[in-house]
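A closer look at the structure
One letter stands for each residue in the lines below.
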Amino acid sequence: NAFSLVSGSRSSKTFKPKKNIPEGSHQYELLKHAEATLGSGNLRQAVMLPEGEDLNEWIAVNTVDFFNQINMLYGTITEFCTESSCPVMSAGPRYEYHWADGTNIKKPIKCSAPKYIDYLMTWVQDQLDDETLFPSKIGRCSCVTQDGTFWWNHILIHARRCIPGVPFPKNFMSVAKTILKRLFRVYAHIYHQHFDSVMRLQEEAHLNTSFKHFIFFVQEFNLIDRRELAPLHELIEKLGSKDR
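Residues numbered from 1 in each chain as written. Predicted model: local features only at pLDDT ≥ 70, side-chain atom pairs only at ≥ 80, totals over all residues. Heavy atoms only, no water.

Under an unreviewed UniProt entry, the chain has the name MOB1A kinase and belongs to Origma solitaria.

Quick look at the nonpolar core
In summary, soluble globular proteins display a tendency toward joint burial of nonpolar side chains. The line we're drawing: Joining through side-chain atoms within 4.5 Å is the link that ties buried Ala, Val, Leu, Ile, Met, Phe, Trp, Tyr and Cys residues into a set, and such a set is a nonpolar core. Think of it in three bands: with a 1.4 Å probe and only protein chains considered, a residue is buried below 20% of the maximum accessible area for its type, exposed above 50%, and partly exposed in between. Numbering of helices and strands starts at the N terminus; helices are DSSP runs of H or I of at least 4 residues and strands are runs of E of at least 2. Note on contacts: a residue pair is in contact if any heavy atoms of the two residues lie within 4.5 Å.
Formed by 63 residues in total, the largest nonpolar core has its most connected members in Leu 183, Phe 184, Tyr 187, Phe 211, Phe 214 and Ile 215. Only helix H2 (26-38), helix H4 (55-77), helix H5 (113-129), helix H7 (172-200), helix H8 (204-220) and helix H9 (233-243) provide two or more residues apiece to this core. Broken down by element, the residue count for this core peaks at 13 residues, all from H7. Other than its neighbours up to four places away in sequence, Leu 183 contacts Phe 66, Phe 67, Ile 70, Leu 120, Met 121, Val 124 and Phe 214.

Things to note about H8
Applicable threshold: Here the expected length of a helix is defined as 1.5 Å per residue gap, with one fewer gap than residues.
Taking 1.5 Å as the rise per residue, H8 with 17 residues should run 24 Å; its terminal C-alpha atoms sit 24 Å apart, in good agreement. Those residues of H8 that fall on the buried side of the exposure criterion are His 206, Leu 207, Ser 210, Phe 211, Lys 212, His 213, Phe 214, Ile 215, Phe 216, Phe 217 and Val 218. Downstream of H8 by one or two residues, Asn 222 has phi in the positive range, about 50°.

Quick notes on the packing of H4 against H7
Each pair of packed helices gets described by two things: the angle between the helix axes and the distance between those axes. Counted only if it meets this: Convention adopted: a line fitted to C-alpha atoms gives each axis, helices being fitted over their contacting stretch, and angles between N-to-C directions are expressed from 0 to 180 degrees. The labels follow the angle: roughly parallel below 35 degrees, roughly antiparallel above 145, roughly perpendicular from 65 to 115, and oblique for the rest. Crossing handedness is read from the near helix: turned anticlockwise from the far helix by less than a right angle, it gives a left-handed crossing, and turned clockwise, a right-handed one. Amino acids outside the nonpolar list (Ala, Val, Leu, Ile, Met, Phe, Trp, Tyr, Cys, Pro) and the charged list (Asp, Glu, Lys, Arg) are all regarded as polar, and Gly is one of them.
At their nearest, the axes of H4 and H7 sit 10 Å apart, and the two run at 25° to each other. Taken together, H4 and H7 sit at an angle that is classed as roughly parallel. Every pair of crossing elements has a handedness; the one defined by H4 and H7 is left-handed. Touching Leu 55, Asn 56, Ile 59, Ala 60, Thr 63, Phe 66, Phe 67, Gln 69, Ile 70, Leu 73, Tyr 74 and Ile 77 of H4 are Phe 172, Met 173, Ala 176, Ile 179, Leu 180, Leu 183, Val 186, Tyr 187, Ile 190, His 194, Ser 197 and Val 198, all from H7. Here the contact of H4 with H7 is composed, by residue class, of 19 nonpolar, 5 polar and no charged.

Focus on the UniProt feature "binding site: Zn(2+)" (unreviewed entry) in the chain
Where we set the bar: UniProt positions are given in the numbering used here, feature names are shortened, and annotations may be inferred rather than shown by experiment.
Cross-referencing UniProt, the feature "binding site: Zn(2+)" (unreviewed entry) maps to Cys 81, Cys 86, His 189 and His 194 in the present numbering. The greatest C-alpha distance among the annotated residues, which extend across 114 residues, is 9.9 Å, indicating that they converge on a single site. A residue is classified by how much of its surface remains accessible, and His 189, at 0% relative accessible area, is buried. Once you skip the residues sitting within four places of it in the chain, His 189 turns out to touch Cys 81, Cys 86, Met 89, Ser 90, Ala 91, Ala 113, Ile 117 and His 194.

Considering H7
Over its 29 residues, H7 runs 39 Å from end to end, which matches the ideal 42 Å to within 8%, given 1.5 Å per residue. Just past H7, the residue Gln 202 takes up positive phi, approximately 60°.

Some details on the packing of aromatic side chains
Quick reminder of the rule: Ring geometry is summarised as follows: Phe, Tyr and Trp rings, the Trp one being its six-membered ring, pair when their centres sit within 6.5 Å, and such pairs are stacked at plane angles under 30 degrees, edge-to-face over 60 and tilted between the two. For a ring to carry a charge above it, either NZ of a lysine or CZ of an arginine must fall within 6 Å of the ring centroid while also lying within 35 degrees of the normal to the ring plane.
As enumerated under the stated definition, the model contains 13 aromatic pairs in all. Summarising the aromatic geometry, the rings of Phe 66 and Phe 214 are spaced 5.2 Å apart at their centres and angled 80° between planes, so their arrangement reads as edge-to-face. Of this pair, Phe 66 sits in helix H4 while Phe 214 sits in helix H8; the two residues are 148 residues apart in sequence, bridging distant segments of the chain. We note that Phe 66, like Phe 214, is buried. Where Tyr 191 meets Phe 195, the ring centres are 5.7 Å apart and the plane angle is 20°; that geometry is what we call stacked. A residue pair is termed a helical-turn pair when its members lie 3 or 4 positions apart in one helix, as Tyr 191 and Phe 195 do in helix H7 at 4 residues. Residue Tyr 191 is classed as buried on the basis of its relative accessible area of 12%. Members of the aromatic cluster, connected to one another through ring pairs, are Phe 66, Phe 184, Tyr 187, Tyr 191, Phe 195, Phe 211, Phe 214, Phe 217 and Phe 221. The cationic tip of Arg 44 hangs over the ring face of Phe 216; the distance from NZ or CZ to the ring centre is 3.6 Å. We note Arg 182 situated over the ring of Trp 123; from NZ or CZ to the ring centre the distance is 4.4 Å.

What follows is the structure, encoded as structure tokens:
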């Protein structure tokens, strides 16, 4: 169960504070649904969009969860990922990453892996905390059209039973894809540079289950370009073939 990573892992240390989904919210219910279906062991089925649910909301809930999982995983090996052990952010000898966020750092900079991952996780956290990008209160009512837009005249007529929440912005999918692309790089770095440490800590089952869940999810909705997945291509093929 991938969620044992967050709740039952031997180490409860996280790299950044855990991002919580408010209890009682629809997104919390979606997360609980995801946990229940993951428990069945069929990851391909578990990542599918539940019937009648909004795709953006499903991707938002899972993106928050993957952030928490990677946060926990990286938190277990931070003492081994140092300026001296990892002077560049890499995933094996062929792949090196330079950091830029387009706002604070516009020109890509070469930096150590711990610095890069700190930049990356802080940036992701800022996106997840932005209510205009990841609204925690999504409007739901019988007056919502199939594509998720509101019939505002119905909202006015049925104001008492219709609660217009904050809609997802037009650029949501683009931002979510960038977040997931960058989170993949943390998995890639851990596998290539720190897998021996993961094994010594007996965390490889957590890492493998979490990564398999992540890959099946991004494949289901075509969220990361295949070229970006190249550093772990062989592992991805192996995980996929085991599931066929």
